[in-house]
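Coordinate inspection notes
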Amino acid sequence: MSESPSALSQWLDRDFFETGAFLCSHDGKSITFAKGGSSLLVDRFFPTANPVFYLKDFYQESYLAYNPISVKEFSLDEIKAEFKYEKTDHSPISNDDDIYEKDFELLKSAFKFNLKKVVLVSRENYENFEGEKTIRNLIHKAFSFGVGTPYGYWNQHYGVIGSTPELLYQVKNDVLTTFALAGTAKIGLEEELLKSSKDRIEHNLVIQDIQEKLAGFTSDLKIDDTKIHPYKSIVHLKTDMVARANDDIDFTALTNTMSPTAALGGYPKTSSLQFLKNSNYGAKYPHRYFGSAFGLIKKDVKEFVVSIRNVQWEGKHLFIESGGGVVPDSVLLKEMDEIHLKRNTIRKHYL
Ligand SMILES: C=C(O[C@@H]1C=C(C(=O)O)C=C[C@H]1O)C(=O)O
């Protein structure tokens with residue numbers, strides 16, 4: 001007897017592979033898939049009860065708003081049964097590590113001014129996005145990664161699929177959940193990371209940044225102790241934060257204010273973004289979604305993750321971006337190692 005097709009395989013069609021999205025909830029309990037429909041550039045979230053996905057521009061207060069034709073929740077078992085990996089070759093063709101080095105030197109002199117931390121990024125490029133085959137492979141990989149929150153979004157021009165360790169915020173009922181995640185080491189070096197003053201400085205700037213930003217939107221903020229957070233072959237410093245959300249919260253304003261936090265932009269926000277826009281990397285890639293907010297607004301939950309630890313594509317061209325926080329005490333070779341640790345963890349699993 002042949003097996004009957006699952007609800008997921010019946011729902012999947014060409015629309016999904018042209019424009020689609022998915023997001024796993026922070027507690028891992030529900031996985032929302034979306035297909036078809038269109039994306040448009042907006043400055044404000046829609047006042048609608050229908051679920052809408054938003055991807056923020058890293059540098060600007062504007063969003064790609066994705067309003068799908070069909071939205072459905074599927075179980076992890078259904079997803080794992082549907083999306084299988086089909087072998088393919090994505091050899092690296094180039095990277096921007098030379099630009100990273102130049103920006104690192106520029107930044108070191110900029111620290112004399114009003115800057116405490118900037119998150120510099122590099123990327124590696126690979127051959128050949130292959131449409132449905134690549135999307136299926138990447139979805140399989142995002143859900144078999146083992147840590148983080150699987151997410152993805154694509155249209156005919158741009159796409160991103162990954163499993164992120166970082167929640168920007170979740171608001172459920174009147175509770176806002178978030179955390180500071182910054183400070184990185186290889187697995188096995190947990191004690192050194194907890195004791196590293198450079199990593200503590202980077203991390204505490206993220207706590208301070210989130211605390212300052214939440215002040216206008218929440219009350220009763222509680223900040224937990226800083227702990228180790230494992231992510232495959234990497235460990236991070238993580239501090240949980242929870243607050244009571246104000247009744248009249250404006251989610252566009254909250255997302256604009258929170259993103260990017262000092263974990264992805266820098267501290268203070270305005271001058272670090274100014275530095276990044278004017279950097280060699282910013283000049284080469286003036287349009288950027290890496291490290292920005294991606295999320296879902298629906299009636300009872302508002303949830304945004306930070307778009308990192310992913311594979312992205314533009315046209316046929318695939319790439320992985322990775323970054324790390326730079327403070328005045330940072331050393332170039334160590335920062336490059338951190339970028340390579342993050343990049344290799346993603347490349348080994350996904351490509
Ligand atoms: C920028 C990335 O990660 C971010 C930067 C970190 C750091 O500087 O230590 C740690 C976690 C993330 O907040 C990335 O994954 O590329």
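Per an unreviewed UniProt entry, the recorded name for the chain is Chorismate-binding protein, and the organism is Peredibacter starrii.

**Re the overall build of the chain**
In terms of helices and strands, the chain carries 11 helices and 19 strands. Computed over C-alpha atoms, the radius of gyration of the chain comes to 20 Å, within 12% of the 20 Å expected from 2.2 N^0.38 for 351 residues, which places it in the range of a compact globule. With respect to the three principal axes, the spread of C-alpha positions in the chain is 70 × 50 × 40 Å. Of all 351 residues assigned to the chain, the portion counted as buried reaches 57%. For the chain, the proportion of contacts with a sequence separation of at least 24, taken over those separated by at least 6, is 74%. Roughly 15,100 Å² of accessible area belongs to the chain as shown, and the carbon and sulfur atoms make up 51% of that amount.

**Section: unusual backbone geometry**
Along the chain, serine 259 connects to proline 260 via a cis peptide bond; the corresponding omega equals -10°. Cis geometry marks the peptide bond from tyrosine 267 to proline 268; its omega dihedral reads -10°. Residue asparagine 173 is not a glycine yet carries a positive backbone phi of 55°. Asparagine 173 gets classed as exposed once you look at its relative accessible area, which sits at 72%. Located in the positive-phi region is arginine 309, a residue other than glycine, with phi close to 55°. Here arginine 309 shows up in the loop between β17 (301-306) and β18 (310-314).

**Observations regarding the pairing of strand β9 (residues 149-154)**
Counting buried positions along β9 gives six out of six residues, so the element sits mostly inside the fold. Burial along β9 is two-sided: Thr149, Tyr151 and Tyr153 and Pro150, Gly152 and Trp154, pointing in opposite directions, are all buried. By the bridge criterion, four bridges tie strand β1 (residues 20-24) to β9 in an arrangement that is antiparallel. Bridged to glycine 20 within β9 is tryptophan 154. Strand direction decides the pairing type here: β9 and strand β10 (residues 158-164), joined by six bridges, are antiparallel. The partner of glycine 152 across the bridge, within β10, is isoleucine 161.

**Topic: empty space enclosed by the protein**
Scanning all chains against the criterion turns up five cavities of 30 Å³ or more. Taken as a whole, the largest cavity spans an internal volume of roughly 210 Å³. Residue lining of the largest cavity: 22 residues in total, with Ala263, Arg309, Gly323, Gly324 and Lys342 positioned closest to the centre. When residues of the lining of the largest cavity are traced back to their parent elements, those giving at least two are β8 (117-126), β12 (175-186), β19 (317-326) and α11 (332-350). Top contributing element to the lining of the largest cavity by residue count: β19, with five residues. Taken together, the residues that form the lining of the largest cavity break down as eight nonpolar, seven polar and seven charged. Of the pockets and cavities examined, the second largest cavity occupies roughly 50 Å³. Forming the boundary of the second largest cavity are Tyr59, Asp103, Val119, Leu120, Val121, Leu276, Ser279, Tyr281, Gly282 and Arg288.

**Considering the site of the ligand**
In the vicinity of the ligand lie 18 residues, with Glu166, Thr184, Arg309, Gly323 and Gly325 positioned nearest. Glutamate 166 has a polar side-chain atom sitting 2.6 Å from an oxygen atom of the ligand. Within the backbone of glycine 323, one N or O atom sits 2.7 Å away from an oxygen atom of the ligand. Here the ligand loses 100% of its free accessible area of 390 Å² to cover by the protein chains. When atom positions are compared with the pocket grids, the ligand is found to occupy the largest cavity. Contributions of two or more residues to the shell around the ligand are made by β12, β19 and α11. A breakdown of the residues in the shell around the ligand according to their chemical character gives six nonpolar, seven polar and five charged.

**Digging into the environment of phenylalanine 45**
Summarising the element assignment, phenylalanine 45 is placed in the loop between β3 (38-42) and β4 (52-56). Exposure remark for phenylalanine 45: the relative accessible area of 11% places this residue in the buried category. The contact partners of phenylalanine 45, leaving out residues within four places of it in the chain, are Tyr54, Tyr63, Phe251, Thr252, Thr255, Ile297 and Phe304.

**Topic: the pattern of salt bridges**
The full count for this structure, using the stated rule, is 19 salt bridges. Put simply, arginine 44 and aspartate 250 hold a salt bridge, and the shortest N to O gap is 3.0 Å. In this pair, arginine 44 sits in the loop between β3 and β4 while aspartate 250 sits in the loop between β14 (234-245) and α8 (251-258), placing the two residues 206 residues apart along the sequence. A residue is classified by how much of its surface remains accessible, and arginine 44, at 48% relative accessible area, is partly exposed.

**Quick look at the packing of helix α4 (residues 97-110) against α11**
Running from amino to carboxyl end, α4 crosses α11 at an angle of 140°, the nearest separation of the two axes being 11 Å. In terms of their interaxial angle, α4 and α11 are classed as oblique. Both α4 and α11 take part in a crossing whose hand is right-handed. Each of Asp97, Tyr100, Glu101, Phe104 and Glu105 in α4 lies in contact with α11, whose residues at this interface are Leu332, Glu335, Met336, Ile339, His340 and Arg343.

Calculation notes
- Residues numbered from 1 in each chain as written.
- Predicted model: local features only at pLDDT ≥ 70, side-chain atom pairs only at ≥ 80, totals over all residues.
- Heavy atoms only, no water.
- Helix = DSSP H or I, 4+ residues; strand = E, 2+ residues; numbered from the N terminus.
- Rg over C-alpha atoms; globule rule 2.2 N^0.38 Å.
- Buried < 20%, exposed > 50% of the residue type's maximum accessible area, 1.4 Å probe, protein only.
- Contact = heavy atoms within 4.5 Å.
- Areas by Shrake-Rupley, 256 points an atom, 1.4 Å probe, with all protein chains shown as cover.
- Pairing = 2+ DSSP bridges.
- 1 Å grid on protein atoms, 1.4 Å probe; cavity = no way out; pocket = protein on both sides within 12 Å on 5 of 7 lines; lining within 4 Å.
- Points joined across faces, edges and corners; volume = space filled by probe spheres on them.
- Nonpolar A, V, L, I, M, F, W, Y, C, P; charged D, E, K, R; others polar.
- Near = heavy atom within 4 Å.
- Polar contact = N/O pair within 3.5 Å; in protein donor to acceptor, adjacent residues only side chain to side chain.
- Sits in = over half its atoms within 2 Å of the grid points.
- Salt bridge = Lys/Arg side-chain N within 4 Å of Asp/Glu carboxyl O.
- Axes fitted to C-alpha atoms, helices over the stretch in contact; angles between N-to-C directions.
- Parallel < 35°, antiparallel > 145°, perpendicular 65-115°, else oblique.
- Left-handed = near helix turned anticlockwise from the far one by under 90°.

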